Amino acid sequence: MTDDQLNEEYDVEAPVHTEEPPQYGVGPFTIREVALVGVWLVAFVVSFFSVFQRDFASVWTWNLQWVLTIGVPSVAVFLIVLRRLSPQGIRRVGSLGIDQFASVAFSVAAVVWLNMVWGSIALTIDGPGSPYSWVMWVEFVLMVAGVVLTVFAPIIPVLEQDFRGRPEIPAHRSARPVRAVSPRPAPAPRPAAEPEPEAYATPAEQPAYYDTGAQPVTGANLGTTEATRTAAFEAGGSRDGFERFEQSLSSAEPVQEAPARQQAFWALVPEERDVVDEIGIPQFRIGPTAWALVVEDRGDSFVVRHEDGRTGYLRDVSGVTRG
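The notes below deal with the structure included here. For every chain, the first residue of the written sequence is number 1, and numbering continues from 1 onward in sequence order. With pLDDT at 70 or above as the cut-off, local features in this predicted model cover only qualifying residues; side-chain atom pairs require 80 or more to be listed or tallied, and sums for whole chains, interfaces and linings still use all residues. To get the side-chain values, take all heavy atoms of the structure and skip hydrogens and water.

Here a strand is any run of E in DSSP of at least two residues, a helix any run of H or I of at least four, and the numbering for each starts at the N terminus. Looking only at helices and strands, one finds 7 helices and 9 strands in the chain. Classification of the 323 residues of the chain by burial places 27% in the buried group. We call two residues contacting when some pair of their heavy atoms lies within 4.5 Å. Intrachain contacts of the chain at a sequence separation of at least 6 include 59% that bridge at least 24 residues. Carbon and sulfur atoms make up 60% of the accessible area of the chain, which totals about 22600 Å². Only protein chains enter the accessibility calculation, which uses a 1.4 Å probe; a residue whose area is less than 20% of its type maximum is buried, one above 50% is exposed, and one in between is partly exposed. Each accessible area is a Shrake-Rupley estimate made with a 1.4 Å probe; only the visible protein chains count as cover when residues are assessed.

What follows is the structure, encoded as structure tokens:
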């Protein structure tokens, strides 16, 4: 697969390339990958021998020691081989690339075997001898060789060619720089306590109630006659009172309506283009023979929904026809 095909696959807008000489190896594998597979193969065979001198117990039968000593490096080598034989397969483990995961796997295994070597040396100095066999030393040396072929390979002239000329792709979201943490806003101050209501006024202190042009009605003569109360009610609910109320409603400021939500639309691209996810991995393709449903217009990109429910980002929106 050429660099241009890789750039189209990963949707890289501005890849950085340098003119590099062709890289030769053994079949589809590079020299570094062949050496790493060979180191792992010897370590895998040796792992079936006994770690102790007296009683037989390999790392596969000694509790869970096999997970870090040989299990995780085996997974890393399997992914490296799978990457060459199936380029569309697994390309990362979590936020780590396959080469990064292999560096971590062989480094952890080397530290575990180093712990056994250190314990063997301490027992030899303090006691009659170490119960460990030669397997521990051989495995430690092989894991150190794996660390050299993974961690230090980019700075070794013979091996660094395997890392040159690789296309640039967006980093996984877990490997990107962290966002700044904003301080929490201060809580709003509590409203001041309302004053206590005044005592009810006595009938003599109550204000006078006026009819429209009629005689004032005080607390003393509020309930004098039924005709007085009826006149006060009719005057309060007159046409003039309703007109003043309607004028106050019409003079109020109009209520602002909420902005309308952006509607989806159909789009037709002039040629086949990739729809990718948020980290740049292609999800599906759209072409000039069928309309695509755009659920959101972000200016420089569209959010496109496939017929099966998948969504992705169309980064190249030039020449798109809206339906």
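To continue, consider the nonpolar core. Counting residues in each nonpolar core, the largest one holds 31 residues, and the members touching the most others are I70, F106, W113, M116, M136 and M143. Of all the elements in the fold, those that place two or more residues in this core are helix 2 (31–46), helix 3 (65–85), helix 4 (98–126) and helix 5 (135–150). Listed in part, the 12 residues of the second largest apolar core include V269, I286, V304 and V320. Nonpolar core, defined: a set of buried Ala, Val, Leu, Ile, Met, Phe, Trp, Tyr and Cys residues in which side-chain atoms within 4.5 Å join the residues together.

Turning our eyes to something else, we now look at the environment of E272. Relative to the helices and strands, E272 is located in the loop between strand 3 (265–268) and strand 4 (273–276). Discounting residues that sit within four places of it in the chain, E272 has contacts with R285, I286, G287 and P288.

Our focus in this paragraph is helix 2. Residues separated by three or four positions in an α-helix point in the same direction, a consequence of the helix having 3.6 residues per turn. Helix span is expected to be 1.5 Å times the residue number reduced by one. Taking 1.5 Å as the rise per residue, helix 2 with 16 residues should run 22 Å; its terminal C-alpha atoms sit 23 Å apart, in good agreement. Those residues of helix 2 that fall on the buried side of the exposure criterion are R32, E33, L36, V39, W40, A43 and V46. Buried residues in helix 2, looked at end-on, bunch into an arc of 155 degrees, giving them a common side. Buried residues belonging to helix 2 abut helix 3, helix 4 and helix 5. Taking the helix axis as origin, the arc is that swept by the directions to the C-beta atoms.

This paragraph deals with the packing of aromatic side chains. Put simply, two rings from Phe, Tyr or Trp (the six-membered ring, in Trp's case) pair if the centres are within 6.5 Å, and we call them stacked under 30 degrees between planes, edge-to-face over 60, tilted for the rest. A full pass over the atoms with the stated rule returns 10 aromatic pairs. Residues F48 and W60 carry aromatic rings whose centres are separated by 5.7 Å and whose planes lie at 20 degrees to one another, so their mutual orientation is stacked. Here W60 lies in the loop between helix 2 and helix 3 and F48 lies in the loop between helix 2 and helix 3, a separation of 12 residues in the sequence. Assessed through its relative accessible area of 29%, W60 is described here as partly exposed. Following the ring pairs from residue to residue traces out a cluster consisting of W40, F44, F48, W60 and W66.

Let us look at helix 3. The first and last C-alpha atoms of helix 3 sit 30 Å apart over 21 residues, in line with the 30 Å expected at 1.5 Å per residue. Bending of helix 3 peaks at approximately 40 degrees at the position of G71, with proline P73 no more than four residues after it. Those residues of helix 3 that fall on the buried side of the exposure criterion are T69, I70, G71, P73, S74, A76, V77, L79 and I80. What we call the bend at a residue is the angle made by axes fitted to the seven residues finishing there and the seven residues starting there.

Patches here are clusters of residues that have more than 30% relative accessible area and form no salt bridge, with a 9 Å joining cutoff for like charges and a 5 Å cutoff for nonpolar side chains (Val, Leu, Ile, Met, Phe, Trp, Tyr). Salt bridge, as used here, is a side-chain nitrogen of Lys or Arg placed within 4 Å of a carboxyl oxygen of Asp or Glu. Taken together, the side chains of V144, V148, V151, F152 and I155 make up a nonpolar region of the molecular surface, amounting to roughly 410 Å² of accessible area. Its place among the elements puts F152 in the loop between helix 5 and helix 6 (226–236). Accessibility expressed as a relative area gives 41% for F152, which makes it partly exposed.

With that settled, the discussion passes to the pattern of salt bridges. Where charged atoms from two side chains of opposite charge approach closely, those side chains can pair. Enumeration according to the criterion identifies 14 salt bridges in this entry. Between R84 and D162 there is a salt bridge whose closest N-O contact spans 3.7 Å. Separated by 78 residues along the polypeptide, R84 in helix 3 and D162 in the loop between helix 5 and helix 6 bring together distant segments of the chain. Look at the salt bridges and you will find they share partners, linking R32, E33, R83, R84, D99 and D162 into a network.

What follows covers the pairing of strand 6 (residues 292–297). As judged from the 3 bridges shared by strand 3 and strand 6, these two strands associate in the antiparallel manner. Counted as the bridge partner of A267 is A292 from strand 6. Only strands joined by at least two bridges in the DSSP assignment are considered to pair. In this structure, strand 6 lies alongside strand 7 (residues 302–305), joined through 4 bridges in antiparallel fashion. Bridge pairing in strand 7 places D297 opposite F302. Between the end of strand 6 and the start of strand 7, which pair antiparallel, lie 4 residues, with G299 showing a positive phi angle near 85 degrees.

Attention shifts here to the packing of helix 2 against helix 5. Look at helix 2 against helix 5: their axes get within 10 Å of each other, and the N-to-C directions meet at 160 degrees. Between helix 2 and helix 5, the angle falls in the class roughly antiparallel. For the element pair helix 2 and helix 5, the recorded crossing hand is left-handed. Across from R32, A35, L36, V39, V42, A43 and V46 in helix 2, the residues of helix 5 making contact are V135, V138, E139, L142, M143, A145, G146, L149 and T150. All axes here are fitted lines through C-alpha atoms, helices being fitted over the stretch that makes contact, and every angle between N-to-C directions spans 0 to 180 degrees. Between 65 and 115 degrees an angle is taken as roughly perpendicular, under 35 as roughly parallel, over 145 as roughly antiparallel, and anywhere else as oblique. Note: crossing handedness is left-handed where the near helix turns anticlockwise from the far helix by less than a right angle, and right-handed where it turns clockwise.

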